[in-house]
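Now for the letters of each chain:
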Amino acid sequence: MTLAPGDDAPEIAARNQDDGTVRIDGDAPTVLYFYPKDATPGCTTEARQFQAELESYRDAGITVYGVSTDTVDDHRAFCEAEGLDFDLLADPDGDVADAFDVDRTGGVTDRTTFVLADGEVYAVYEDVAPDGHAREVLRDLLDDGLAAL
């Protein structure tokens, strides 16, 4: 079962598209969105829209990460092709997905987004529709008072 609001945020480490190690403990406001596969239509839409909203997320003090079972090299190519300025975390063995109890049937993760803050899971979005999701999450966080612009 996927982690739920109020659960402790797992501490994770994963490689990003630049082959650097990124560590996340969930203390600072963070959006961690899991997606199935780089350079596919829905995943490209979702990534482009998080990129379009990225300045607002950063102004609100929220860090955005994408996670899939793709490799560091796949992420690098996807970031370059789409002009993404946020980290994509490579999870080819599914360790990060397992830490959040995200299903990865067929070797890819379900489209699930977590908001982390103060060491806990603040919100969970399951069965995400990619189009409009980045704006929806930001709007919810602003409405809830977790972030302000």
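Here goes a summary of the coordinates provided. (Residues numbered from 1 in each chain as written. Predicted model: local features only at pLDDT ≥ 70, side-chain atom pairs only at ≥ 80, totals over all residues. Heavy atoms only, no water.)

### A short note on the pairing of strand 7 (residues 120-125)
Filter applied, for reference: One requirement defines pairing of two strands: DSSP has to find at least two bridges between them. Numbering of helices and strands runs from the N terminus, with a helix taken as a DSSP run of H or I at least four residues long and a strand as a DSSP run of E at least two residues long.
In this structure, strand 6 (residues 112-117) lies alongside strand 7, joined through five bridges in antiparallel fashion. Bridging from a neighbouring strand, Phe114 pairs with Val124 of strand 7. Turn length for the strand 6-strand 7 hairpin, with the two strands adjacent in sequence and antiparallel, is two residues, and the turn residue Asp118 shows positive phi of about 55 degrees.

### Section: the pattern of salt bridges
Inclusion rule: The salt bridge definition used is simple: a Lys or Arg side-chain nitrogen within 4 Å of an Asp or Glu carboxyl oxygen. When accessible area is computed with a 1.4 Å probe and restricted to protein chains, residues below 20% of their type maximum are described as buried, those above 50% as exposed, and intermediate ones as partly exposed.
Taken as a whole and assessed by the stated rule, the structure comprises seven salt bridges. Note that Asp70 is salt-bridged to Lys37, the shortest N-O span being 3.0 Å. A residue pair is termed long-range when its members are at least 10 positions apart, and Asp70 in the loop between strand 4 (63-68) and helix 2 (72-82) and Lys37 in the loop between strand 3 (30-34) and helix 1 (41-59) qualify at 33 residues. Relative accessible area serves as the criterion here: at 4%, Asp70 is assigned to the buried category. Close ionic contact of Arg111 with Glu46 constitutes a salt bridge, the shortest N to O distance being 2.7 Å. Of the two residues, Arg111 sits in the loop between helix 3 (95-99) and strand 6 while Glu46 sits in helix 1, which places them 65 residues apart along the sequence.

### A look at the packing of aromatic side chains
Under the convention used in this document: Aromatic pairs are defined between Phe, Tyr and Trp rings, using the six-membered ring for Trp, whenever the two ring centres lie within 6.5 Å; interplanar angles under 30 degrees are classed as stacked, those over 60 as edge-to-face, and all others as tilted.
Within the structure shown, the criterion is met by seven aromatic pairs. Note on Tyr33 and Phe86: the rings are 6.2 Å apart at their centroids and 55 degrees apart in plane angle, and the pair reads as tilted. With Tyr33 in strand 3 and Phe86 in the loop between helix 2 and strand 5 (87-90), this residue pair connects regions lying 53 residues apart in the sequence. Note on Tyr33: relative accessible area 0%, which makes it buried. Judged by relative accessible area, Phe86 falls into the buried class, the value being 3%. Taken together, the aromatic side chains of Tyr33, Tyr35, Phe50, Tyr57 and Phe86 make up a single cluster linked through ring pairs.

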